[in-house]
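# Examining the three-dimensional arrangement
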Amino acid sequence: MGTKVLLPLTFFISLALASSLLSCTQAFSIREATVAELQRAFRSNQLTSRQLTEFYIGEIRRLNPVLHGVIEVNPEALHQADAADRDRKAGVHGRSWSGLHGIPILLKDNIGTKDALNTTAGSFALLGSKVSRDAGVVVRLRRAGAIILGKASMTEWASFRSLTQPNGWSARGGQGKNPYVLSADPCGSSSGPAISVAANLVAVSLGTETDGSILCPSSANSVVGIKPTVGLTSRAGVIPVTPRQDTIGPITRTVADAVCVLEAIAGYDYIDAGATQAASKYIPKGGYLQFLKADGLRGKRIGIVRDPFFNFTGQPDEARAFQSHFRTLRDGGAILVDNLKIDNLDVILNFTVSGEALASLAEFKIALNSYLESLVTSPVRSLADVIAFNNNNAQLELTNTIDQSIFLLSEATNGIGSTENSAIQNMAQLTHDGFLKLISQHRLDAVMAPGSAIAPVLAIGGFPGINVPAGYDSTGVPFGVSFGGLKGSEPKLIEIAYGFEQATKVRKPPNNQNLQIH
Ligand SMILES: *[C@@H]1O[C@H](CO)[C@@H](O)[C@H](O)[C@H]1NC(C)=O
Ligand SMILES: *[C@@H]1O[C@H](CO)[C@@H](O)[C@H](O)[C@H]1NC(C)=O
Ligand SMILES: *[C@@H]1O[C@H](CO)[C@@H](O)[C@H](O)[C@H]1NC(C)=O
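Everything numeric in this text was worked out from a predicted model, so none of it was measured. (Residues numbered from 1 in each chain as written. Chains lettered and ligands numbered in written order. Predicted model: local features only at pLDDT ≥ 70, side-chain atom pairs only at ≥ 80, totals over all residues. Heavy atoms only, no water.)

### Quick word on the side chain of aspartate 246
- Tracing the backbone through its elements, the reader meets aspartate 246 in the loop between strand E7 (224-227) and strand E8 (247-252).
- Within the buried set, aspartate 246 has no salt-bridge partner at all; the shortest N-O distance to an opposite charge, 5.7 Å, is to arginine 235.
- Each residue touching aspartate 246, except ones within four places of it in the same chain, is listed here: Glu209, Thr210, Val230, Arg235, Pro240 and Val241. (Helix = DSSP H or I, 4+ residues; strand = E, 2+ residues; numbered from the N terminus. Buried < 20%, exposed > 50% of the residue type's maximum accessible area, 1.4 Å probe, protein only. Lys, Arg positive; Asp, Glu negative; His and termini not counted. Salt bridge = Lys/Arg side-chain N within 4 Å of Asp/Glu carboxyl O. Contact = heavy atoms within 4.5 Å.)

### As for the environment of glycine 150
- By the element assignment, glycine 150 lies in strand E3 (residues 147-152).
- Distance from glycine 150 to phenylalanine 124, taken between C-alpha atoms, is 17 Å for residues 26 residues apart in sequence.
- With residues up to four places along the chain from it excluded, the contact list for glycine 150 reads Glu72, Val73, Asn74, Ile105, Leu106, Leu107 and Leu117.

### Quick word on the nonpolar core
- Residues Leu100, Ile105, Ile111, Leu141 and Leu206 are the most contacted members of the largest nonpolar core, which totals 60 residues.
- Among the elements that line this core, the one with the most residues is helix H3 (residues 49-67), at seven residues.
- The contact partners of leucine 100, leaving out residues within four places of it in the chain, are Gln39, Leu141, Ala144, Gly145, Ala146, Val204, Cys260, Val261 and Ala264.
- Counting residues in each nonpolar core, the second largest holds 59 residues, with Val337, Leu340, Leu444 and Phe463 among its members. (Core = buried A, V, L, I, M, F, W, Y, C linked by side-chain atoms within 4.5 Å.)

### Comments concerning the site of ligand 3
- Residues in close proximity to ligand 3 include Asn350, Thr352 and Val353, which together make up its full environment.
- Between ligand 3 and asparagine 350 there is a distance of 2.3 Å, counted from an oxygen atom to a side-chain nitrogen or oxygen.
- When isolated, ligand 3 has an accessible area of 360 Å², and the protein chains bury 20% of it. (Near = heavy atom within 4 Å. Polar contact = N/O pair within 3.5 Å; in protein donor to acceptor, adjacent residues only side chain to side chain. Areas by Shrake-Rupley, 256 points an atom, 1.4 Å probe, with all protein chains shown as cover.)

### Thoughts on the state of the cysteines
- Applying the stated criterion to the full structure yields one disulfide.
- Note on cysteine connectivity: cysteine 187 is disulfide-linked to cysteine 216, with sulfurs 1.9 Å apart. Linking cysteine 187 and cysteine 216, the disulfide has an S-S dihedral of approximately 100° and is accordingly described as right-handed. Taken together, the residues cysteine 187 in the loop between strand E5 (174-175) and helix H6 (191-198) and cysteine 216 in helix H7 (residues 215-220) connect sequence positions 29 residues apart.
- Judged by relative accessible area, cysteine 187 falls into the buried class, the value being 7%. (Disulfide = S-S within 2.5 Å.)

### Digging into the sheet that holds strand E1 (residues 70-73)
- The strand order across the open sheet formed by eleven strands is E1-E3-E2-E6-E8-E7-E12-E13-E11-E9-E10, and the pairing between neighbours is mixed. One side of each edge strand has no neighbouring strand; the edge strands of this open sheet are E1 and strand E10 (335-337). Strand-to-strand, the axes of this sheet are offset by a mean angle of 30°, without reference to chain direction.
- In the packing of helix H11 (residues 316-331) onto the sheet, the strands contacted are strand E9 (301-304), E10, strand E11 (446-450), strand E12 (465-472) and strand E13 (478-484), and the crossing angle to E13 comes to about 40°.
- Along the sheet, helix H20 (residues 490-504) makes contact with E7, E9, E11, E12 and E13, crossing E12 at roughly 15°. (Pairing = 2+ DSSP bridges. Axes fitted to C-alpha atoms, helices over the stretch in contact; angles between N-to-C directions.)

### Overview of the site of ligand 2
- As a structural note, the neighbourhood of ligand 2 is formed by Asp307, Asn311 and Thr313.
- Its free accessible area being 360 Å², ligand 2 has 27% of it covered by the protein chains.

### Focus: the pattern of salt bridges
- If you walk through the whole model with that rule in mind, you get 20 salt bridges.
- Measuring nitrogen to oxygen at the nearest pair gives 2.9 Å for the salt bridge that ties arginine 161 to glutamate 397. Of the two residues, arginine 161 is situated in the loop between E3 and strand E4 (169-170) and glutamate 397 in helix H16 (residues 394-397); the sequence distance between them amounts to 236 residues.
- Overall, the relative accessible area of 0% leaves arginine 161 in the buried class.
- Owing to a relative accessible area of 0%, glutamate 397 belongs among the buried residues under this scheme.
- For lysine 300, the salt bridge goes to glutamate 495, with nearest N and O atoms at 2.5 Å. Here lysine 300, found in the loop between helix H9 (273-279) and E9, pairs with glutamate 495, found in helix H20; they are 195 residues apart in sequence, far enough to count as distant.

### A look at the pairing of strand E2 (residues 104-108)
- Counting buried positions along E2 yields five of five residues, so the element is predominantly enclosed.
- Of the two faces of E2, both are covered, the one formed by Pro104, Leu106 and Lys108 as well as the one formed by Ile105 and Leu107.
- A crossover links E2 with its parallel partner E3, the connecting element being helix H5 (residues 136-143), and its sense is right-handed.
- Pairing analysis gives three bridges linking E2 to strand E6 (residues 204-209), with the strands arranged parallel. Each residue of the ladder has a partner; that of isoleucine 105, found in E6, is valine 204. (Right-handed = clockwise from strand over helix to strand, strands pointing away.)

### Quick look at the pairing of E8
- A large share of E8 lies buried, amounting to six of its six residues.
- Here E6 pairs with E8 via five bridges, running antiparallel. For glycine 207, the partnering residue across the bridge sits in E8 and is glycine 249.

Below you can see the structure in the form of structure tokens.
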């Protein structure tokens with residue numbers, strides 16, 4: 001004799017609601033998915049690498065004519081995706097599986113790949129050149145099982161061609177657009193990687209930075225960028241600006257994704273032996289993922305240099321956002337050390353006075369000539385050849401407003417002489433008396449600043465920085481916050497950046513409606 005229980009109608013309604021909610025949360029959406037979510041979807045057979053790659057190729061077809069974030073799609077990407085799916089299905093565990101297995105990545109167009117893709121820094125001068133091997137970071141990405149989806153656009157020659165060149169413009173890629181506000185500056189020079197991850201054209205990407213080129217576009221496009229300590233990631237096979245400052249790092253939608261990419265690319269490379277050997281001591285046992293801590297802000301001493309970084313005259317949205325962020329950081333247990341000064345900051349921020357311009361101009365010519373000579377085939381073999389190419393192909397490469405003034409200044413240099421050496425010494429002294437002194441006097445873990453304002457300080461010292469989305473102004477243009485620290489301070493910067501991101505969750509995807517408007 002069973003008891004007949006009459007369940008009220010509302011029970012069934014709530015049951016139906018619950019199950020539809022359940023299926024809603026289970027229905028997997030690629031847009032905005034993190035690497036960890038994509039891996040979970042792979043494991044639970046909700047998604048294959050092929051489907052993921054096809055989705056991104058479709059989105060690139062649909063949106064790239066407006067955004068110009070991508071220069072080339074890899075014709076081998078779907079084959080690589082199929083191979084990743086086969087490996088996963090077969091449970092191949094013979095080699096190390098990483099978070100990037102089966103995940104598509106876009107590479108800034110100055111990162112060399114020995115495949116069907118061109119590596120041109122956005123310039124027609126390098127079209128058809130062949131590299132002798134993959135860049136060091138690409139070797140590591142392939143080993144980790146990542147899918148090389150293609151090459152992202154960039155400010156041509158990493159902004160080192162013309163004093164009048166707009167951010168995000170290259171002759172091959174056209175004008176890269178900020179997906180939030182198409183008329184807004186996307187910044188650069190890693191414009192394409194930032195635009196592409198922001199608009200969900202890819203899961204993750206790699207950029208490069210000499211001075212601000214990861215931090216600034218990350219800030220402008222509401223994504224996360226890590227500018228690693230110089231030498232933590234190999235620069236081998238990457239079209240250089242100056243080995244003294246160049247570094248390769250992730251641009252992604254979340255801190256965890258960026259750390260996942262950093263984990264895959266950091267480490268020694270015999271082809272960039274000096275710098276990667278020197279920096280290998282900074283790589284922590286057990287890697288970087290352990291620093292994605294919910295309480296990462298607790299006890300962190302964060303320096304604030306108000307003048308000139310937090311002067312928000314005429315920027316009320318930024319002023320309000322940062323007031324709230326200071327509170328959030330304190331609530332999370334961080335100790336804000338306020339009203340600090342960096343000695344000679346006005347000099348450090350002016351690259352003509354600091355010596356950065358003078359040294360870089362001479363270093364660029366040497367480094368670029370050496371890169372061009374190393375190519376298997378190339379239409380250009382020297383900076384002089386590139387300058388001549390631009391003059392001979394002015395209809396492609398030069399405009400009334402976009403010249404090659406920096407190239408001409410660089411070509412006129414003659415190696416590292418006494419003036420260059422004193423410029424380099426001057427930067428070392430500025431770093432010693434400025435950032436290093438500030439950090440040690442106040443026992444700081446990091447210094448924070450809006451956007452990429454602190455980039456020159458980090459650039460001349462070879463220091464790391466992380467940008468995290470921090471807000472949108474009243475017109476919808478994003479802005480970020482960067483945390484910078486001493487060489488090898490990535491673990492602490494990751495804790496701070498992750499803690500800040502989890503406490504604020506500022507990032508929202510660009511309005512797709514907006515992207516259809518031409
Ligand atoms: C690389 O450039 C050549 C032109 O030199 C072009 O034919 C080829 O399609 C390009 N590769 C890709 C993957 O777009
Ligand atoms: C802040 O910047 C404005 C210009 O944007 C300048 O006029 C003002 O003097 C600055 N204030 C401080 C305190 O530096
Ligand atoms: C940098 O310093 C030079 C020389 O003093 C000056 O002419 C120039 O305007 C400064 N640049 C900026 C951006 O302040």
